[in-house]
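# Chain and residue survey
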Amino acid sequence: MTIFEKATRQKFRYPSAKGLLTTEQLWELPLTAKSGFSLDDVAKAVNAELKAVDTESFVATEANPAKETLETKLEVVKHVIAVRLAEDQAAKAAAVKKLEKEKLLAALGRKQDAALENLTEAELLARINNL
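Here's a quick rundown of the structure. Bear in mind that the values here come from a model prediction, so they are computed numbers and not experimental data.

## Description of the nonpolar core
One finds Tyr 14, Leu 26, Leu 29, Leu 39, Val 42, Val 77 and Ile 81 to be the most contacted residues of the largest nonpolar core, which totals 18 residues. Those elements giving two or more residues to this core turn out to be helix 3 (39-53) and helix 4 (65-117). Here the element with the most residues in this core is helix 4; it accounts for six residues. Leaving out residues up to four positions away in the same chain, Tyr 14 has contacts with Ala 7, Gly 19, Leu 20, Leu 21, Thr 22, Thr 23, Leu 26, Val 42, Val 46, Lys 73, Val 76 and Val 77.

## Observations regarding the side chain of Thr 23
By the secondary structure assignment, Thr 23 is in helix 2 (residues 23-26). Look past the residues within four positions of Thr 23 in its chain and what remains in contact with it is Phe 4, Ala 7, Phe 12, Tyr 14 and Val 76.

## Some points on helix 4
Relative to the 78 Å expected for 53 residues at 1.5 Å per residue, helix 4 spans 79 Å between its end C-alpha atoms, a close match to the ideal helical length. Here helix 4 has its buried residues at Leu 70, Thr 72, Lys 73, Leu 74, Val 76, Val 77, Val 80, Ile 81 and Arg 84. Where helix 4 is buried, its residues touch helix 1 (3-9), helix 2 and helix 3.

## A closer look at helix 3
For helix 3, which comprises 15 residues, the first-to-last C-alpha distance of 21 Å matches the rise-based estimate of 21 Å (1.5 Å per residue) to within 8%. Among all positions in helix 3, only Leu 39, Val 42, Ala 43, Val 46 and Leu 50 are buried. For helix 3, the arc enclosing every buried residue in end-on projection is 100 degrees, short of the 170-degree limit, so these residues lie on one face. Exposed residues on helix 3 whose side chains face more than 90 degrees from its buried face are Lys 44, Lys 51 and Ala 52.

Here is what the cut-offs are and how they apply
Residues numbered from 1 in each chain as written. Predicted model: local features only at pLDDT ≥ 70, side-chain atom pairs only at ≥ 80, totals over all residues. Heavy atoms only, no water. Core = buried A, V, L, I, M, F, W, Y, C linked by side-chain atoms within 4.5 Å. Buried < 20%, exposed > 50% of the residue type's maximum accessible area, 1.4 Å probe, protein only. Helix = DSSP H or I, 4+ residues; strand = E, 2+ residues; numbered from the N terminus. Contact = heavy atoms within 4.5 Å. Expected span 1.5 Å × (residues − 1). Arc of directions from axis to C-beta.

Structural data, given as structure tokens:
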């Protein structure tokens, strides 16, 4: 069972400044924010819950069942963060490529204009007649 299948079947809810969020709502959150309403803040809250139940007991012989759920919740949030970071990197790379292409096209236009200016009158007339 994938972590997302588990998250949706068990109806995981994640703590945030705006209340409990569903797994689907994680995709809509910003990576960071000053308001305390971001993926980073959700991850910190789930991690804090996990650390709270992960305290070592010298008497308990069984593991706390909430630990596995919190570990899966944290994995879901970490996966969403990783995907969102990769998407942001790809968008930045695409923007850089677009800017470079625009610069190259502008330079090409200037070179073509300069080449046209260097044609003789006869060459210009011949090109016009060919159009």
